[in-house]
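# Residue-level structural notes
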Amino acid sequence: MDIKIQLIVVVIIAIAMGIVVMMIRNKQLELRYALSWFVLGVGILILDCFPDLITELSEIMGIGTPINMLFFFGFCFSLMVIFVLTVVVSKLTVKVKRLAQEIALMENKGEIDGK
């Protein structure tokens, strides 16, 4: 890989990780969700610094070409993010249902004014 491309990738990843840090500081993103993006950034930096590593990994795993290995990693990362977000949405759905039930009970008791 050309050194210019490697430097561009390093700069882009550094900017992206800086944006994630700023979002955590501004409370726009929780740390537990940002950790996966940090792991992805570090992984990309490692593969960028050692381009032959992906070739070796693809040979060890029996995958034909290194680019297919990258697509496989991307697919696995996407599945991980989708799973985590599904769990979060499920928990929030349960909380919203519980809150709606508590509000309905409080309105029924006359503790708060219903609309």
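Treat the numbers as computed from the prediction; the structure is a model and nothing was measured.

Rules used in this analysis
Every residue gets a number counted from 1 within its own chain, in the order that chain's sequence is written. Thresholds applied to this predicted model are a pLDDT of at least 70 for local features of residues and 80 or more for the giving and counting of side-chain atom pairs; totals over whole chains, interfaces and linings are not thresholded and use all residues. No hydrogens and no water enter the side-chain calculation; it runs on all heavy atoms of the structure. Comment: axis = line fitted to C-alpha atoms, over the contacting stretch for helices; angle = value between 0 and 180 degrees taken between N-to-C directions. Here a strand is any run of E in DSSP of at least two residues, a helix any run of H or I of at least four, and the numbering for each starts at the N terminus. Reported orientations rely on four angle classes, namely roughly parallel under 35 degrees, roughly antiparallel over 145, roughly perpendicular from 65 to 115, and oblique for the rest. For this analysis, residues touch if any pair of their heavy atoms sits within 4.5 Å. When residues are sorted by character, Ala, Val, Leu, Ile, Met, Phe, Trp, Tyr, Cys and Pro go into the nonpolar class, Asp, Glu, Lys and Arg into the charged class, and all the rest, Gly among them, into the polar class. Burial classes: relative accessible area under 20% of the type maximum marks a residue as buried, over 50% as exposed, and values in between as partly exposed (1.4 Å probe, protein chains only). Ring geometry is summarised as follows: Phe, Tyr and Trp rings, the Trp one being its six-membered ring, pair when their centres sit within 6.5 Å, and such pairs are stacked at plane angles under 30 degrees, edge-to-face over 60 and tilted between the two.

With their axes 11 Å apart at the nearest point, helix 2 (residues 31-49) and helix 4 (residues 66-109) run at an angle of 170° to one another. In terms of orientation, helix 2 and helix 4 fall into the roughly antiparallel class. Mapping the contact onto sequence places Tyr33, Ser36, Trp37, Leu40 and Leu47 in helix 2 and Leu70, Phe77, Met80, Val84 and Val88 in helix 4. Here the contact of helix 2 with helix 4 is built from residues that sort into nine nonpolar, one polar and no charged.

Turning our eyes to something else, we now look at unusual backbone geometry. Even without glycine at this site, Lys27 takes up a positive phi of about 60°. Taking the relative accessible area as the measure of exposure, Lys27 reaches 74% and is therefore exposed.

This part takes up the packing of aromatic side chains. Taken as a whole, this structure holds two aromatic pairs when the rule is applied. Relative to Phe77, the ring of Trp37 has its centre 5.0 Å away and its plane inclined at 70°; by these criteria the two rings are edge-to-face. Here Phe77 lies in helix 4 and Trp37 lies in helix 2, a separation of 40 residues in the sequence. Accessibility expressed as a relative area gives 15% for Phe77, which makes it buried. When the ring of Phe72 is compared with that of Phe73, the centres are 6.3 Å apart and the planes differ by 40°; the resulting orientation is tilted. Under the relative-accessibility criterion, Phe72 is labelled partly exposed at 36%. On the basis of relative accessible area, Phe73 is assigned to the partly exposed category, the value being 33%.

Scope: geometric values only; no functional claims are made or implied.
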